[in-house]
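# Coordinate analysis (summary)
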Amino acid sequence: MLFPAVLSSNVHADLDLGRHGIHYPGAVHYQLAPAAWVELALARGEGVLAANGAFVAHTGTHTGRSPKDRYLVAEPLSERDIRWGPTNRPIEPGVFEHLLHRALAYLQGRDLFVCDGSACADPESAVPVRVIADKAWHALFAQALLRDGESGTDAACEEGLTVLCASGMHADPVLDGTRSDTFIVLHLARGLVLIGGTEYAGEIKKAVFSVLNYLLPLRGVCTMHCAANVGPAGDSALFFGLSGTGKTTLSADPSRRLIGDDEHGWSDAGIFNIEGGCYAKTIRLSREGEPQIWDAIRFGSVLENVVLDPRTRQPDYDDERFTENTRAAYPLSHIDGAEPSSRGAHPRTILFLTCDAFGVLPPVSRLTPEQALYHFLSGYTAKVAGTEAGVREPEATFSTCFAAPFLPLPPARYAELLAERMRTHGSQVWLVNTGWIDGPFGRGRRIELAHTRALVRAILAGALDDAVFTPEPYFGLLTPASCPDVPQELLRPHEIGGDGDDYEKRARHLAEMFHANFETYHAPDVPEAVRRAGPRI
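Residues numbered from 1 in each chain as written. Predicted model: local features only at pLDDT ≥ 70, side-chain atom pairs only at ≥ 80, totals over all residues. Heavy atoms only, no water.

## Some thoughts on helix H7 (residues 202–215)
With 14 residues, H7 extends 20 Å between its outermost C-alpha atoms, agreeing within 8% with the 20 Å of an ideal straight helix rising 1.5 Å per residue. Among the 14 residues that make up H7, 13 are buried, leaving the element largely enclosed by the rest of the structure. (Helix = DSSP H or I, 4+ residues; strand = E, 2+ residues; numbered from the N terminus. Expected span 1.5 Å × (residues − 1). Buried < 20%, exposed > 50% of the residue type's maximum accessible area, 1.4 Å probe, protein only.)

## Some words on the layout of surface pockets
Empty space among the atoms becomes apparent when a probe as large as a water molecule is rolled across them. Empty space within the second largest pocket amounts to approximately 380 Å³. Around the second largest pocket, the lining is made up of 19 residues, and of these Gln143, Leu146, Asp148, Gly276 and Pro331 lie nearest the centre. Mapped by element, the contributors of at least two residues to the lining of the second largest pocket are strand E6 (112–119), helix H5 (136–145) and strand E8 (147–148). In the lining of the second largest pocket, the residues fall into seven nonpolar, nine polar and three charged. (1 Å grid on protein atoms, 1.4 Å probe; cavity = no way out; pocket = protein on both sides within 12 Å on 5 of 7 lines; lining within 4 Å. Points joined across faces, edges and corners; volume = space filled by probe spheres on them. Nonpolar A, V, L, I, M, F, W, Y, C, P; charged D, E, K, R; others polar.)

## Some remarks on the environment of Pro394
Along the chain, the position of Pro394 falls in the loop between strand E25 (380–383) and strand E26 (395–398). Linking Pro394 and Phe441, residues 47 residues apart in sequence, is a C-alpha distance of 6.9 Å. Leaving out residues up to four positions away in the same chain, Pro394 has contacts with Ala357, Phe358, Lys383 and Phe441. (Contact = heavy atoms within 4.5 Å.)

## Here we look at the side chain of Arg70
Within the secondary structure layout, Arg70 lies in strand E4 (residues 70–73). Buried within the structure, Arg70 lacks any salt-bridge partner; its nearest side chain of opposite charge belongs to Glu203, at an N-O separation of 6.8 Å. Here Thr87 takes part through its backbone oxygen, which lies 2.9 Å from a polar atom of the side chain of Arg70. Among the polar contacts made by the side chain of Arg70, one reaches the side chain of Asn88 at a distance of 3.0 Å. (Lys, Arg positive; Asp, Glu negative; His and termini not counted. Salt bridge = Lys/Arg side-chain N within 4 Å of Asp/Glu carboxyl O. Polar contact = N/O pair within 3.5 Å; in protein donor to acceptor, adjacent residues only side chain to side chain.)

Geometric descriptors of this kind do not, in isolation, establish any biological role.
Put into structure tokens, the structure is as follows:
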């Protein structure tokens, strides 16, 4: 009888959700310790515990984000600033009000789970965030990813952001004006996010990031989809890259303190983590390759769509039967040696990570300021067979600023802010290819993680500052003649292995894709020197 008594003590009868339009909720559970969220989620049958103590949830039909079901309300305050299009789909205020009314009706009478936190470690940029969810594990997820915020008072959220998660409510496209039964709607003027029809918790994280990508640049803060860490001497480094390029893996370095693995701001005072936790991909995770991430996944963490051994409950990180996009969410405090302030000095080093499946780009190259902006606006990586349904050959992916799905403003706005920061603080940018060399995917070999780590170590230690650099012939990238602990022949893939004509064909093909992608940027938005910094055809 003790267990039910513990659960009943979690009910917070005094929290008034009326200001959010929820006047008749069921039991309201508020700002609980991770153990209490886990107890509730287990009692409600929302998931199970793994042998390592992590809570494991399966998200059903949606095992990733639903970008085609994401909308921004077209209201007067923000409408002129937004870059409308396939990423930022408009929804009329009247349609939003109808959908909100239906979502609030769904939430009435239901047990609700409320987490108050904040975003941004920089006090000048901090934004309170309240998450109201219909699932207990979503509150656990939010608590792991958000920073600590004020609790016990609604005043903490009056000028912040509220996220309403009605995961069990499904829209009717005919009645509700949506594309499908799933919806993620951002009302920037009201600081309100509405999520329904999906249990994938990553929608919560990325909705908050999207709102901040609108708010913070208007205050002069550069927002970035990147990881960050700091060395023993206080030298900060940024790691940009799309999913699967290694920014979480490479930023989790035992010799450096982790600031964060995914979302950061760069203000006049330096860099800061927007989040309070990490959201790492776990497919093929190993203790040997990524010990810090492996050890961070314990009680208080969430595993999404990870397969467990039915007898031992050990996670099988190699099993992708539900999705290749298996994930772990955990607070930064789970990372040994994480930077406690979640802040750092202006970065000396910036790394752009790409996974080139065509076997063209060198493992490491130093970029000029113009090349840095060209590759920042390009945001290139490649999908390979087996990572997504229907992908049989390498496919180039271009995501502007390495963050296209989360950018409400025109890309040039983010590029201008980054360029100004880099210019002011003398940051050096490097392009690091974590993908294939000596041939494309299927014929070549992927660069070993140990070699990529050696390249990153050398960059951060300044071991390549005085190296001899020569340009490779197609992209004009400056490549070093040598690097400690890396075989010399790996550094210039156009000179090793295979048929030279075949390499030239692949290089020209990739260069043409870069050029075609860059044509989407209008001339007034991009300086001619940046446009000329692209590959040569």
